[in-house]
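Here is how the chains run, residue by residue.
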Amino acid sequence: MKKTICMLLTTLAMAVAFSEELSNCTDEEIGNIYGNQGLILPKLISSFDYVGIGQFIGDCSITNVSFADIHVQQWWTPDPGTNTMRIRKISNLPDEWIFPTNVPVVFFVATKADWYGNDAEFYLTNTAERAELTFINADRSWFRTTRDSGLVYAFATNLWECMRANPNPTNYYAVLRDTERTVSEQDSWRVRLDAYEGLSRLFHDASESYLAEKLDDSLLSPIMKNSVGNRLRHRFGWTYNYTNNVEVWTPPQ
């Protein structure tokens, strides 16, 4: 009986894995992710204290326990002195705790205190519980290194280099710009939309001079260039004209 249960759970885990690998989310599902979670890769990379590559370890059981273990193979953040991390569960959603074993994953882990933020003292009873590690959102806080033919991993490593290893705002913009322009949703919806959302957040509160500079960037995609122009129009009073098949954005006189 135990062997049968293990086989069923293994089959279920494989189905979840293949669904993620193929990136076959519907537009509605993608919209829900970005509307409710907002955990794009630039945010994960900039904010999390425990990041690296490892493998989930554990055995097969009827109901998953309240934690998952990761054997760390490579730390991106400073080595905390252990190669095993225990990830505690917050959400009660069962599908968030079906993990692939024996395959490398990139993980982003935070403390429970980070997850609860200013409400930590109210929800967490003691210092030890506040220090427990968790996924802020399980299905967004890790991915296989092979997902989408390695595109997610390549995007994450490029972001890590210009955000954490050697911080460089110019290179950060270039990574987002080039990725948003060249990677389609069919290639990887996560990479495509994380790059799009990353640029949108970068432009949201940018200065007029910064936006004007990006408006003239020939490598910026038309959809993002239109977004920049609209920000200039709504925030700084620029005007738009389309004459002789040429878009012209003009600052206020």
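Going by the structure above, here's the rest.
The following paragraphs examine the structure supplied in this document. This one's a predicted model, so the numbers in the text were calculated from it and none came from an experiment.

1. Focus: the side chain of Asp 69
Here is step 1: Within the secondary structure, Asp 69 is located in strand β2 (residues 67-75).
Here is step 2: For Asp 69, a relative accessible area of 13% gives the class buried.
Here is step 3: Apart from residues no more than four positions distant in its own chain, Asp 69 is found in contact with Gln 55, Phe 56, Ile 57, Met 85 and Arg 86.

2. Section: the pairing of strand β1 (residues 50-57)
Here is step 1: For β1, the buried fraction is high: six of the eight residues fall into the buried class.
Here is step 2: Two strands pair when backbone bridges link them, and β1 and strand β4 (residues 105-111) are joined in this way by five bridges, in the antiparallel orientation. For Gly 54, the partnering residue across the bridge sits in β4 and is Val 105.
Here is step 3: Both β1 and β2 contribute to a ladder of six bridges, which runs antiparallel. Along β2, the bridge assignment pairs Gln 55 with His 71.

3. Notes on helix α8 (residues 169-182)
Every α-helix carries 3.6 residues per turn, so stepping three or four residues along brings you back to the same face.
Here is step 1: Helix length check: α8, at 14 residues, gives a terminal C-alpha distance of 20 Å against a target of 20 Å (1.5 Å per residue), a fit within 8%.
Here is step 2: Considered for burial, the residues of α8 that qualify are Tyr 172, Tyr 173, Ala 174, Val 175, Leu 176, Arg 177, Thr 179 and Glu 180.
Here is step 3: The inward-facing, buried residues of α8 abut α3 (41-47), α7 (151-165), α9 (189-204), α10 (208-215) and α11 (222-236).
Here is step 4: Sitting at the amino-terminal end of α8 is Asn 168, which places a side-chain oxygen 3.0 Å from the backbone nitrogen of Thr 170.

4. Some thoughts on the packing of aromatic side chains
Here is step 1: Using the criterion set out here, one finds eight aromatic pairs in the structure.
Here is step 2: Between Trp 76 and Trp 160, the aromatic rings sit 5.4 Å apart at their centres with planes inclined by 55°, giving tilted as the arrangement. In this pair, Trp 76 sits in the loop between β2 and β3 (84-88) while Trp 160 sits in helix α7, placing the two residues 84 residues apart along the sequence. Grouping residues by exposure puts Trp 76 and Trp 160 together as buried.
Here is step 3: When the centroid spacing of 6.4 Å and the interplanar angle of 35° are considered together, the rings of Phe 108 and Phe 143 count as tilted. Note that Phe 108 is positioned in strand β4 and Phe 143 in strand β6 (residues 142-144), a separation of 35 residues in sequence. Summarising the burial analysis for this pair, Phe 108 and Phe 143 share the class buried.
Here is step 4: Members of the aromatic cluster, each reached through a chain of ring pairs, are Phe 56, Phe 135 and Trp 142.

5. A short note on α11
Here is step 1: Under the 1.5 Å per step criterion, the end-to-end length of α11 is 20 Å for 15 residues, consistent within 8% with the ideal 21 Å.
Here is step 2: The complete set of buried residues in α11 reads Met 224, Ser 227, Val 228, Gly 229, Arg 231 and Leu 232.
Here is step 3: Structurally, α11 contributes buried residues whose contacts are with α8, α9, α10 and β8 (246-250).
Here is step 4: Remark: Gly 237 follows α11 within two positions and exhibits a positive phi of approximately 80°.

6. Considerations on the pattern of salt bridges
Here is step 1: Throughout the structure, instances matching the rule amount to eleven salt bridges.
Here is step 2: The salt bridge partner of Asp 178 is Arg 181, with a shortest N-O separation of 3.1 Å. You can see Asp 178 and its partner Arg 181 sitting in helix α8, three residues apart, about one turn around the helix.
Here is step 3: Taking relative accessible area as the criterion, Asp 178 reaches 26% and is therefore assigned partly exposed.

7. Considering the nonpolar core
Here is step 1: In this structure, Leu 41, Phe 108, Phe 155, Leu 159 and Phe 203 are the most contacted members of the largest nonpolar core, which totals 38 residues.
Here is step 2: Of all elements in the fold, only α3, β1, β4, α7, α8, α9, α10 and α11 reach the threshold of two or more residues within this core.
Here is step 3: In terms of residue count, α7 provides more of this core than any other element does, seven residues in total.
Here is step 4: The next biggest cluster of nonpolar side chains, apart from the first, holds 15 residues, and it includes Phe 56, Ile 70, Val 72 and Ile 87.

8. Quick notes on the environment of Gln 74
Here is step 1: Locating Gln 74 in the fold gives a position in strand β2.
Here is step 2: The spacing of Gln 74 and Gly 52 is 22 residues in sequence and 5.6 Å in space, taken between C-alpha atoms.
Here is step 3: If we ignore the near neighbours within four places in the chain, the residues touching Gln 74 are Gly 52 and Ile 53.

Conventions we followed
- Residues numbered from 1 in each chain as written.
- Predicted model: local features only at pLDDT ≥ 70, side-chain atom pairs only at ≥ 80, totals over all residues.
- Heavy atoms only, no water.
- Helix = DSSP H or I, 4+ residues; strand = E, 2+ residues; numbered from the N terminus.
- Buried < 20%, exposed > 50% of the residue type's maximum accessible area, 1.4 Å probe, protein only.
- Contact = heavy atoms within 4.5 Å.
- Pairing = 2+ DSSP bridges.
- Expected span 1.5 Å × (residues − 1).
- Polar contact = N/O pair within 3.5 Å; in protein donor to acceptor, adjacent residues only side chain to side chain.
- Phe/Tyr/Trp six-rings, centres within 6.5 Å; stacked < 30°, edge-to-face > 60°.
- Salt bridge = Lys/Arg side-chain N within 4 Å of Asp/Glu carboxyl O.
- Core = buried A, V, L, I, M, F, W, Y, C linked by side-chain atoms within 4.5 Å.

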